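Coordinate inspection notes
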Amino acid sequence: MTKYLLRNFNLYSHRWLLIFFILIMVNASAMALDGFPNKNSPTAKQVFDINVTGTVLDESGQPIPGATISVPGTTIGTATDLDGKYSISVPEGASLVFSFIGFQTQTIAVANQTTINIVLLENAQALDEVIVVGYGTAKKSELTNAVVQASGEDIKKSSAVSLSNALSGKLAGLYVNQRSAMPGFDDAQILIRGFNTTRDNSALIVIDGVANADPDGLNRLDPNDIESISVLKDASAAIYGAQSAGGVILVTTKRGKSGKPTFNFSTSHLFQSPTTRVRTSNVFDYINVLNQSRALDGTAPDFPDELIQAFRNGDRRAEDWWEALVDPPAVIGRQSLTMRGGSDKIRYFTSLGTVSQGGILRADDITKLKQYNIRANLDVTVTDDLEVGLDLSLREKFTRSPQGGSGAIGAFASTSPLQEAYIDGDYRYPGEGWSHLNPAARLLSPGYRKYTNDVINGTFRYEYKIPFLEGLSIDGFASIVKTFNYNKSFDYVWDYYEKNSQGEIVKRTSRTVED
């Protein structure tokens, strides 16, 4: 690659300027490290007793300017000059790491060597990596547009149930904003050109060449079916017209390969817990704010000093609603079975997947997600000039939540700390709450919200190579999407507990809130 740059200096002079700038910055950093060590840095305490020099070349013997030479685990480093030469001082027993874009990284032990000349080998795999771009593909080494891509193997490493959340932090320039954690409704908003996008225009989702092929976008796809996901940021997305104003996300599913059928089964069981908690005022701040509000109005305080003292002495118990209701972890299970194979004429990929997820609220046996995915991708070479393909996918998503939905349950974050979630802190006896709306008691109601969503998708595609016009072909596709939605709400009263005049705990029945 460097040889090509040297022979085409006039054509690619801007690249040389970039390399020269990097060379100056790296050498300046190395000089700063050597001349002004930080007393708190490990390198400041090291003794540099070996000076190593050498030349870095490519396979054709041409020097590689700007190649990085560093000592692993330290801040010691330098870069080669325009002739591929370098000089670096290293501690005894160190190793040197040689690296450059497009070449394989090599590590050499210094030992007692003072001259190390090295030949870097081109990383053909990185340069030849195929990137999906619009209606075609391009090699990474030839790509000039703002396109980033993640492989299916990278996506599978995430524990997120929704595929949109699995993309967080994996693709540069992709904004993933999750607004809910309710199982089945935790899909994230995906923006490519920032949160200030006009009218909050999200990215266009294209699955196997078909725009808007799934009403849930990419959220409910099985990650085991994904071959790659590409993000088009600039003019490369323009081929999809005005609907691509917010950028385009291209999803490519796996397809069959010639050879014996291969089977892959994967299963995972995960435990999900909140990373942060809702921070609310304690009982004394709560009382103080309300009393100050009354003072500004010129009226008597709502809470006398005797009540405040009762909380200080422990005669009354303040409620921490987060600790009372949140009881992680939620259990997530995912299983997937795929089959891939075919011959020169027929190639196939089939998969069957399932995922389940529970809730994190205490005594919540209602909240759950169950999802089933089936996919079959078939490619047939009819003649030397004609290829056809048929893609079929089926998904069923079953979601259930407590009576009143997750929004009503989430109101515990603003519930008064003066009210007890459970009588005397005993989880067997949820209290009344404000106006019979104690979330802890409401969770025990037999009422529920149930949502069933079925999606069937079929795509037929063909490509015909015109035999008498080499390089010219005609291709097209037809796609159909059918969705079935079924929602059901069942509202009922629930039991709560309170103490009577004798101090005994008695059961009561709530009013009908939803009627």
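The following refers to the structure shown.

Conventions and cut-offs
Residues numbered from 1 in each chain as written. Predicted model: local features only at pLDDT ≥ 70, side-chain atom pairs only at ≥ 80, totals over all residues. Heavy atoms only, no water. Pairing = 2+ DSSP bridges. Helix = DSSP H or I, 4+ residues; strand = E, 2+ residues; numbered from the N terminus. Axes fitted to C-alpha atoms, helices over the stretch in contact; angles between N-to-C directions. Buried < 20%, exposed > 50% of the residue type's maximum accessible area, 1.4 Å probe, protein only. Salt bridge = Lys/Arg side-chain N within 4 Å of Asp/Glu carboxyl O.

1. Points about the sheet that holds strand β2 (residues 68-70)
Taken together, the four strands give an open sheet; going across it, the order is β3-β2-β5-β6, and neighbouring strands pair in antiparallel fashion. The sheet terminates laterally at β3 (77-79) and β6 (106-109), the two strands that pair on one side only. On average, adjacent strands in this sheet sit at an angle of 20 degrees to one another, irrespective of strand direction. With three bridges connecting them, β2 and β3 associate as antiparallel partners. Pairing of serine 70 across the sheet is with glycine 77, part of β3.

2. Notes on the environment of glutamine 62
Mapped onto the elements, glutamine 62 comes out in the loop between β1 (48-57) and β2. Among the residues examined, glutamine 62 registers a relative accessible area of 26% and is labelled partly exposed. With 21 residues separating them in the primary sequence, glutamine 62 and aspartate 83 have C-alpha atoms 8.7 Å apart.

3. Focus on the pattern of salt bridges
Side chains that carry opposite charge are capable of pairing whenever their charged atoms lie near each other. Here the structure, examined in full by the defined rule, presents 20 salt bridges. When the shortest N-O distance is used, the salt bridge between arginine 255 and aspartate 379 registers 2.8 Å. Here the residue arginine 255 occupies a position in the loop between β16 (248-253) and β17 (259-272), and aspartate 379 occupies one in strand β20 (residues 368-381), the gap between them amounting to 124 residues. The class of aspartate 379 is buried, set by a relative accessible area of 12%. The shortest N-O distance in the salt bridge between aspartate 491 and arginine 449 comes to 2.6 Å. Taken together, the positions of aspartate 491 in the loop between β23 (473-490) and β24 (495-499) and arginine 449 in strand β22 (residues 448-465) put the pair 42 residues apart, joining distant regions of the chain. For aspartate 491, a relative accessible area of 30% gives the class partly exposed. Each of the salt bridges in this network shares a partner with another, and the network as a whole consists of Arg255, Asp379, Asp391 and Arg461.

4. Considering the pairing of strand β5 (residues 95-99)
Where β2 meets β5, three bridges bridge the pair, whose relative direction is antiparallel. Each residue of the ladder has a partner; that of serine 70, found in β5, is valine 97. In this sheet, β6 lies alongside β5 in antiparallel orientation, the contact comprising four bridges. Looking at the pairing, serine 95 lines up with alanine 109 of β6. Taking the residues between adjacent antiparallel strands as the criterion, β5 and β6 are bridged by six residues, where glycine 102 takes a positive phi near 90 degrees.

5. Thoughts on the environment of serine 168
Its location among the elements puts serine 168 in the loop between α5 (163-166) and β11 (175-178). Taking the C-alpha atoms as reference, serine 168 lies 9.6 Å from glutamine 178; in sequence the two are 10 residues apart.

Nothing here speaks to function; it is all geometry.
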